[in-house]
Amino acid sequence: MIAYLERFVHENDTESRPDDDVVSTLCNALDLQGSIDCGAAADAAGKDFGGMHSVRPLAFVRPSGADDVARVVKAASRSPNLTVAARGNGHSINGQAMADRGLVLDMRSLDGEGRFHVSEIDGSCYADVSGGALWEDVLRRCLGLGLAPRSWTDYLSLTVGGTLSNAGVSGQAFRYGPQTSNVTELEVVTGKGETLICSESENPELFYGALGGLGQFGIITRARVLLQQAPDMVRWIRLVYSEFEDFTRDAEFLVTRPEKDSFDYVEGFVFSNNDNPLTGRPTVPLHPDQEFDPTRLPPTAGSVLYCLELALHYRNTDHPSTVDTAVHRLLARLGFVEQLEFQVDLSYMDFLLRVKRAEEDAKANGIWEDTPHPWLNLFVSKSHVSEFDRVVFKNLLKEGVGGPMLIYPLLRSKWDSRTSTVLPEGEIFYLVALLRFTAPQPKGPMVDKLVVQNKEIVQYCFTKGFDFKMYLPHYRSEEEWKRHFGNQWTRFVQRKANFDPMAILAPGQKIFSRIP
Ligand code: FAD
């Protein structure tokens, strides 16, 4: 069997494509319950949402369960150079889920209704979900039972294993921590091909290693996600600020209040003080009937403005006046620009699926699937965020990035330092997301230029000695990864040696090289 695999790697080197016979031989050799695509049929596994990198995998494997995943990893371990990449929904930006001439696992094929179970343990409810499940499917299944996970991402067509390998953050993370703080057990196939259950008390090093572990220590085939009772409805609110200091003061005030005394979701974004429909004032109103009246802005307003985005959960049985009173009481303490305030009510499901609607619009405009997305995500400490605003938002990016520029505070104490994610030092730090959308060439800006601009921003943060980390990191050299992990590098390397000593897993992260 290994001879076959090696021959395929060799064939790939010469650009030849394995034929159907070869595919079925490979399938038989691996003894899979699932299926395999090679050649052109595997091309999808060599692309991602970023649209800036592509490689040719040897095969795209659709495992039918953890046993198949383990078989593939074991087979790779018997070859001198094969690697294995778990591919969630391929929503990485920089090729992180790719395996050049390696085996890519389509984790989505692990999902199905039968792989969703809810249980009650010590008075709390949990859902056992497949590592390849999309969060939007987890949402639908949980809501059918009146339950929901507590911590989300903004966009839900991402897989459970994909976000848990990073962190998974949205406007609930200030209260409940990232998604990695909201799982209590994982089933993981390590780089040695062992299938292990892990939790705080069982194989804890693997459990915390895999959470935020960039896929380096194992493939998450199942996760146990903590649930809460789902609200029925959401009051979704946007408030406009002209001054960054007012915006951050209110955002930080809200994320540090006791639960009963704040909103259930706190995010924010920067937008241009102009009429651009993609990056300017028209992006703020929440309903077609609402209008942004720029005459309300103070004369001191500059070229960029800030929007605090909030949500309050409620139940169908709550009287409208109760909701109004609660919202009014909370807003009364905030210093946004008077009358630049927008509110709508919508179901909890529609609120959580809000980015799906933006996706449909972007698809219709040809800027979702057909153009590159040179996105940059950073965690910037509160101590340096004003300077970041002054240099990056107010100057470098004052015309916007063609899409949202998110900025909202998170609390370090809600993250578990035993996981592999690295954070800035300070208790309050901001997620900064430059979600660049580009018009199709030749109209759009050259993507290379945008990538260079991203690098300049990161370099600026380093040069200035900012307390910051890249989120969804992508570096190319060991030196850069060492700098990224800082004093956690030794632990990261040790975990690699324990769980994937031949560096078979997640080669697209470009942290470790395959050991023959
Ligand atoms: P992939 O891109 O397929 O994989 C990512 C990495 O995880 C790869 O290294 C892969 O090998 C590894 N991996 C995948 N599955 C597994 C598994 N089961 N076990 C182990 N390793 C695995 N992030 C946020 O935190 N908050 C957001 O609000 C948010 N919004 C987004 C919106 C959009 C439109 C996009 C494109 C991305 C967004 N992200 C967000 C980023 C997203 O969390 C990451 O890109 C994530 O990696 C994507 O998940 P995926 O399932 O597509 O994973």
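Residues numbered from 1 in each chain as written. Predicted model: local features only at pLDDT ≥ 70, side-chain atom pairs only at ≥ 80, totals over all residues.

## Let's talk about the overall build of the protein
We count it as follows: Secondary structure elements follow DSSP: runs of H or I no shorter than four residues count as helices, runs of E no shorter than two count as strands, and numbering proceeds from the N terminus. Radius of gyration here is computed from C-alpha atoms only, and the compact-globule reference equals 2.2 Å multiplied by the residue count raised to the power 0.38. Note that contacts rest on C-beta atoms placed from the backbone: two residues are in contact if these are within 7 Å.
Counting its secondary structure elements, the protein contains 15 helices and 18 strands. Its C-alpha atoms give the protein a radius of gyration of 23 Å, within 12% of the compact-globule value 24 Å for 516 residues. By principal-axis analysis of the C-alpha atoms, the protein measures approximately 70 × 55 × 45 Å. Relative to all contacts within the protein whose residues are 6 or more apart in sequence, the contacts with residues 24 or more apart total 72%.

## What about the sheet that holds strand β13 (residues 304-314)?
Threshold: Pairing between strands is defined by DSSP: at least two bridges between the two strands are required. Axis definition: a line fitted to C-alpha atoms, over the contacting stretch in the case of helices. Angles run 0 to 180 degrees between N-to-C directions.
Spatial strand order, β14-β11-β13-β12-β16-β17-β15-β18: eight strands in an open sheet with antiparallel pairing. Looking at the sheet topology across the chains shown, the edges are occupied by β14 (341-347) and β18 (468-471). Taking each pair of neighbouring strands and ignoring which way they run, the sheet shows an average axis angle of 25 degrees. Alignment of strand β12 (residues 265-272) against strand β16 (residues 405-411), held across two bridges, turns out to be antiparallel.

## Let's talk about the sheet that holds strand β4 (residues 103-106)
Spatially, β1-β2-β4-β3 is the arrangement adopted by the four strands of the open sheet, whose pairing is mixed. Edge positions in the sheet fall to β1 (35-38) and β3 (84-87), since each of these pairs with one other strand and no more. With direction set aside, neighbouring strand axes in the sheet form an average angle of 25 degrees. With four bridges joining them, β3 and β4 adopt parallel strand pairing. Across the sheet, residue Ala 86 finds its bridge partner in β4, namely Leu 105. Taken strand by strand, helix α3 (residues 66-77) contacts β2 (59-62), β3 and β4, and its axis lies near 175 degrees from that of β4.

## Brief notes about α3
For the record, the criterion: Here a helix's expected span is defined as the number of its residues, less one, multiplied by 1.5 Å. Exposure in this text rests on C-beta crowding, where 20 or more other C-beta atoms within 10 Å of a residue's own make it buried, 12 or fewer make it exposed, and counts in between make it partly exposed. The C-beta atoms are placed from the backbone.
Taking 1.5 Å of rise per residue, the 12 residues of α3 would be expected to cover 16 Å, and the 16 Å separating its terminal C-alpha atoms lies within 8% of that figure. Taken residue by residue, α3 has Asp 68, Val 69, Arg 71, Val 72, Val 73, Ala 75 and Ala 76 as its buried positions.

## A closer look at the site of the ligand
Note the threshold: Working rule for contacts: place C-beta from the backbone, and if it is within 6 Å of a molecule or strand, that residue counts as near it. Under the convention adopted here, Pro, Cys and the residues Ala, Val, Leu, Ile, Met, Phe, Trp and Tyr are nonpolar, Asp, Glu, Lys and Arg are charged, and Gly plus all remaining residues are polar.
With respect to spatial proximity, 35 residues lie near the ligand, and among them Gly 88, His 91, Gly 161, Gly 162 and Gly 215 are the closest. When residues of the shell around the ligand are traced back to their parent elements, those giving at least two are β3, α5 (160-164) and β10 (218-229). When the residues that make up the shell around the ligand are grouped by side-chain class, the tally is 14 nonpolar, 19 polar and two charged.

## Describing the nonpolar core
The line we're drawing: To form a nonpolar core, buried Ala, Val, Leu, Ile, Met, Phe, Trp, Tyr and Cys residues must be joined through C-beta atoms within 7 Å.
If you look at the biggest cluster of nonpolar residues, it comprises 127 residues, and the most contacted ones within it are Val 72, Val 84, Leu 103, Leu 105 and Leu 431. Per-element tally for this core: the top contributor is β13, with nine residues. In this structure, Leu 431 is in contact with Val 169, Phe 379, Leu 406, Tyr 408, Leu 410 and Tyr 471, ignoring residues within four places of it in sequence.

## Notes on the domain arrangement of the protein
Condition: Where each domain begins and ends follows an automated or database-derived domain assignment.
The domain boundaries assigned to the protein delineate domain 1 (1-110 + 499-509), domain 2 (116-229) and domain 3 (233-470). Distance from the C-alpha centre of domain 1 to the C-alpha centre of domain 3: 37 Å. Taken together, the residues of the side of domain 1 that touches domain 3 break down into three nonpolar, two polar and no charged.

## Comments concerning the pairing of β10
With nine of 12 residues buried, β10 lies mostly within the body of the structure. As paired strands, strand β6 (residues 124-130) and β10 are joined by five bridges and run antiparallel to one another. The residue of β10 that forms the bridge with Asp 128 is Arg 224. Strand direction decides the pairing type here: strand β8 (residues 183-190) and β10, joined by seven bridges, are antiparallel. Residue pairing in the sheet places Glu 187 in a bridge with Arg 222 of β10.

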